[in-house]
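Take a look at the letters that make up each chain.
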Amino acid sequence: MTAPERLQHHAETAYPYRVFQAGDRIRCVVGLGHSNSIAIEGDTSLILIDSLDSDQRGERLKSLLAEWTSKPVKTIIYTHGHPDHRGGSGAFRATAEEIIMSSPRKPALKYYDRLNDVLQKRTVRQFGYSLTDEECITQGIGIREGHAVGDGRYDFLPPTTLFTAQEEERVIDGVRLKLVSAPGETDDQLFVWLPEENVLCCGDNYYGCWPNLYAIRGSQYRDIAAWVDSLSLILSYRPKILFPGHTLPIYGEEEIQTTLGNFRDAIQSILLQTLDCMNQGMDMLEAVEQVKLPEKYRDLPYLQEFYGTVSWTVKGIYAGYVGWFDGNPVHLDPVPEREYSQEILALIGDADAVLSRIRELYTAGRYQMGLELCELLEKAGHADNELKKEGLTAIADTVTSANARHYYLVCAKEI
């Protein structure tokens, strides 16, 4: 299949609208929103783990819950702070009494809010908010968010209880559960363990494709070693049912051990390979070229690059561990890109020769090299926006990562 066909198949199979059960009192709703929501029936009320991504979808969830029971939602637990897991909570404003959320295990960098404008711009690109459904295909780990398709807006209920412990056992309306801190995709990630049903709700530390170990929208370093440790902690509970924050649940203790074990080990392999490359003195791009997913993991359906990618992971690890400098003294204080590009173009002697070469590269399907030559011309003051737009649009159809596809297409439209 082509990359768009693979993405379409993933969209049709990874998160179909369906309600999954665990015993008589636990249900996981998949495909009603961008993220999943888990409802647990207590003695007199419902406990909701995550609340979908928009007010309208939250209202649909509330109507669906009313078909099962007249008990109101009185407790909401957020697995983490991402808005697609909290955006529908406002639908339960009239009945919710306690809203539980973990505090971050390390504080955000001071003044991070000064980057809001550029981070928002990059977020729109990563998630393809400005694209049509046909252009977008999928947001990778769930249906498109409501606010992106005219299906409501974010409506958050703030937490009333801040979870600060490593773990805490509670009984909420007759339901025994344990909250466990599990930093990974976010520093405020937690999972919920329901011992009587052997069900574990793991949030976004697992979903059924290669995860965003680095998010191209921009984020602080996601501690991948801590993420691996959190996956090991989840595995240690040996759940019989795993309800993730996105994509399909996993049933069966052995199936969960195999799937999450492979997921964890594949991530750890990329981490350790990257550190070994760095220790050998390789620069970032040399490490990207060298580090590969071990062959035994490459064809596993839940490790395909429909969201994050291995190469972004390697770059994220590199920057997270040693920062921008790769050890090469030539790279300590390089000349401005414009000056460098003008020098290279002077050696070539003719911008038209570069333009001709770009067209040859596009014809051969070598869009990345063509785009890099477009950048050279742009920095040297000879931009050809239409040619760059053509390359960005074409390269989008060669990638399976939904995030990469969106970023290329949105940037092409911005041109």
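Residues numbered from 1 in each chain as written. Predicted model: local features only at pLDDT ≥ 70, side-chain atom pairs only at ≥ 80, totals over all residues. Heavy atoms only, no water.

Chemist: I tried to follow the UniProt feature "domain: Metallo-beta-lactamase" (unreviewed entry) in the chain on my own but got confused; where do I start?
Modeler: Here the UniProt-annotated "domain: Metallo-beta-lactamase" (unreviewed entry) positions come out as residues 34-246. With 20% helix and 23% strand, residues 34-246 has its two end C-alpha atoms placed 8 Å apart. (UniProt positions renumbered as here; feature names shortened; annotations may be inferred. Helix = DSSP H or I, 4+ residues; strand = E, 2+ residues; numbered from the N terminus.)

Chemist: Before we go on, may I ask you to explain helix H14 (residues 402-414) in this structure?
Modeler: Every α-helical turn comprises 3.6 residues, leaving residues that sit three or four positions apart pointing alike. With 13 residues, H14 extends 18 Å between its outermost C-alpha atoms, agreeing within 8% with the 18 Å of an ideal straight helix rising 1.5 Å per residue. Most of H14 is tucked away: ten of the 13 residues are buried. Among the structural elements, helix H1 (3-13), helix H3 (116-127), helix H4 (133-136), helix H9 (310-322) and helix H13 (385-396) are those in contact with the buried residues of H14. (Expected span 1.5 Å × (residues − 1). Buried < 20%, exposed > 50% of the residue type's maximum accessible area, 1.4 Å probe, protein only. Contact = heavy atoms within 4.5 Å.)

Chemist: Even after reading the chapter, I still don't get the environment of Tyr154, so can you show me in this structure?
Modeler: Tracing the sequence through the fold places Tyr154 in the loop between H4 and strand E7 (161-163). A sequence separation of 217 residues divides Tyr154 from Leu371, and the C-alpha atoms of the two residues are 37 Å apart. Apart from residues lying up to four places away in sequence, Tyr154 is in contact with Asp53, Pro83, Gly87, Tyr129, Glu145 and His147. A distance of 2.6 Å separates polar atoms of two side chains, one belonging to Tyr154 and the other to Glu145. A distance of 3.2 Å separates polar atoms of two side chains, one belonging to Tyr154 and the other to His147. (Polar contact = N/O pair within 3.5 Å; in protein donor to acceptor, adjacent residues only side chain to side chain.)

Chemist: How should I be thinking about the sheet that holds strand E5 (residues 73-77) in this particular structure?
Modeler: Hydrogen bonding along the main chain pairs the strands of a sheet, whether they run parallel or antiparallel. Strands sit in the order E1-E2-E3-E4-E5-E6-E7 across an open sheet of seven strands; the sheet is mixed. Looking at the sheet topology across the chains shown, the edges are occupied by strand E1 (18-22) and E7. For this sheet, the mean angle separating the axes of adjacent strands, direction not counted, is 20 degrees. For strand E4 (residues 46-49) and E5, the ladder comprises four bridges, and the chain directions are parallel. Paired with Ile47 across the bridge in E5 is Thr75. The sheet contacts of helix H2 (residues 55-68) involve E1, strand E2 (26-30), strand E3 (37-41), E4 and E5, and relative to E2 the element is tilted by about 145 degrees. (Pairing = 2+ DSSP bridges. Axes fitted to C-alpha atoms, helices over the stretch in contact; angles between N-to-C directions.)

Chemist: Would you mind showing me how to read the packing of helix H11 (residues 351-363) against H13 here?
Modeler: Any two packed helices are characterised by the angle at which their axes cross and by the distance between the axes. Axis separation between H11 and H13 bottoms out at 11 Å; the angle between their running directions is 20 degrees. On the basis of their axis angle, the class for H11 and H13 is roughly parallel. Crossing hand, H11 versus H13: left-handed. The residues of H13 that touch H11, namely those facing Leu355, Ile358, Arg359 and Tyr362, are Leu387, Lys388, Glu390 and Gly391. Tallied by class, the residues present in the contact of H11 with H13 amount to four nonpolar, one polar and three charged. (Parallel < 35°, antiparallel > 145°, perpendicular 65-115°, else oblique. Left-handed = near helix turned anticlockwise from the far one by under 90°. Nonpolar A, V, L, I, M, F, W, Y, C, P; charged D, E, K, R; others polar.)

Chemist: Any chance you could explain the packing of aromatic side chains here in plain terms?
Modeler: When we look at a pair of aromatic rings, we describe it by the centre distance and by the angle of the planes. Enumeration over the complete set of coordinates arrives at eleven aromatic pairs. Cation over ring: Arg86 sits above Tyr78, and NZ or CZ is 5.9 Å from the ring centre. (Phe/Tyr/Trp six-rings, centres within 6.5 Å; stacked < 30°, edge-to-face > 60°. Lys NZ or Arg CZ within 6 Å of the ring centre and 35° of its normal.)

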